[in-house]
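Next come the chains, spelled out residue by residue.
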Amino acid sequence: MAEQFEKFNDMEFFVDMQRCIGCHACEMACAECETNGETSMIHIHYVDRAETIQTTVQVCMHCEDPICANVCPADAITKDEYGIVHTADTSKCIGCANCVIGCPFGVPQIPDESAMLMMKCNMCYDRTSVGLKPMCATVCPSGALTFDTRDNVAKKRPNSTPVNRFIFGKEIVNTKVNIMMPKGSEELKVF
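Not measured: the values here are computed from a predicted model.

### Focus: the overall build of the protein chain
Each helix and strand counted, the protein chain has seven helices and seven strands in total. What you see in the protein chain, going N to C, is helices and strands ordered as α-β-α-β-β-α-α-α-α-β-α-β-β-β. Overall, the protein chain is about 45 × 45 × 35 Å in size when its C-alpha atoms are taken along their principal axes. Across the 191 residues in the protein chain, those meeting the buried criterion constitute 47%. Side-chain charges of the protein chain comprise 17 positive and 25 negative groups, with the mean position of each set lying 8 Å from the other.

Below is the structure:
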C-alpha cells in the first residue's frame, strides 16, 4: 500500500475559496467515503448569508504540528509518515473535545454526542493510500478543491499562489493543504 502512495508523493491538496459555488457535492461525496459512516467530514459555510451567497469549504488542513493531536490526553489522534492527521482512534478517544476547542481552523467535530468520538477529514486515506484522489476533489465542479501536482496547479492558475503557512496572532501554523491566494502571497494572517 505504501508503494502505491509513493506515486502520489508529489500530489498536494489545494483549496480555492473564490471558486466555491456552494453546491455541496464535496459534502455528499465525503459522506460516501467508506470510513466516514455516512457522515461528511468536509463542510460548506456561508460567508455572510445576509449580504452574499459566497460560500467557503472547510477541510482539515493536516497541520505539520497538529494542535488537535497535541491537546489529546488519550493520544487518540495521530499523524502518519505522509503528513495525514487521522480521525481519532475509536479505541482511545474519550470524547473530551479538546481537539475541537484547540484546532485553529475549527475542523474536528463530535458529530454524534452519544458516540463521543471526534471525527475529521483524513484526506480519504482509504483512497489516497492506494493512489486515488480524495472523494471531494473528484466531484468538485468548479475547481475549488483540487488534488494535483504543484506544477500543474501553477500552469492552471498563473495568477494565484498556493499558501500553506497561516499566522494566528503570534502562532504560525504550517499545513499539508494549500489555500490559493493572490500571486506572490507567502502566508495568510488570520485575525
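### Observations concerning the side chain of His62
Examined against the element boundaries, His62 turns out to sit in the loop between β3 (55-58) and α3 (67-70). The class for His62 is buried, based on a relative accessible area of 1%. Here Val85 takes part through its backbone nitrogen, which lies 3.0 Å from a polar atom of the side chain of His62. Contacts of His62, omitting those with residues within four sequence positions, involve Gly83, Ile84, Val85, Lys120, Cys121, Asn122, Met123, Thr175, Lys176 and Val177.

### Brief notes about unusual backbone geometry
Backbone geometry at His62 places phi at a positive 50°, although glycine is not the residue there. Even without being a glycine, Asp75 presents a positive backbone phi close to 50°. Position of Asp75 relative to the elements: it lies in the loop between α3 and α4 (98-102). A relative accessible area of 53% means that Asp75 is categorised as exposed.

### Examining the pattern of salt bridges
Here the structure, examined in full by the defined rule, presents five salt bridges. Of the charged contacts, one joins Lys156 and Asp148 as a salt bridge, the two residues approaching to 2.9 Å between their closest N and O atoms. Residue classification places Lys156 among the exposed positions, given a relative accessible area of 57%. For Asp148, a relative accessible area of 7% gives the class buried. Via salt bridges that share partners, Asp16, Arg19 and Arg157 belong to a single interconnected network.

### Considering the packing of aromatic side chains
Taken as a whole, this structure holds three aromatic pairs when the rule is applied. Plain terms: the ring middles of Phe13 and Phe147 are 6.4 Å apart, the flat faces sit at 55° to each other, and that makes the pair tilted. Note that Phe13 is positioned in strand β1 (residues 11-15) and Phe147 in strand β4 (residues 145-149), a separation of 134 residues in sequence. Summarising the burial analysis for this pair, Phe13 and Phe147 share the class buried.

Calculation criteria
Residues numbered from 1 in each chain as written. Predicted model: local features only at pLDDT ≥ 70, side-chain atom pairs only at ≥ 80, totals over all residues. Heavy atoms only, no water. Helix = DSSP H or I, 4+ residues; strand = E, 2+ residues; numbered from the N terminus. Buried < 20%, exposed > 50% of the residue type's maximum accessible area, 1.4 Å probe, protein only. Lys, Arg positive; Asp, Glu negative; His and termini not counted. Charge placed at Lys NZ, Arg CZ, Asp CG, Glu CD. Polar contact = N/O pair within 3.5 Å; in protein donor to acceptor, adjacent residues only side chain to side chain. Contact = heavy atoms within 4.5 Å. Salt bridge = Lys/Arg side-chain N within 4 Å of Asp/Glu carboxyl O. Phe/Tyr/Trp six-rings, centres within 6.5 Å; stacked < 30°, edge-to-face > 60°.

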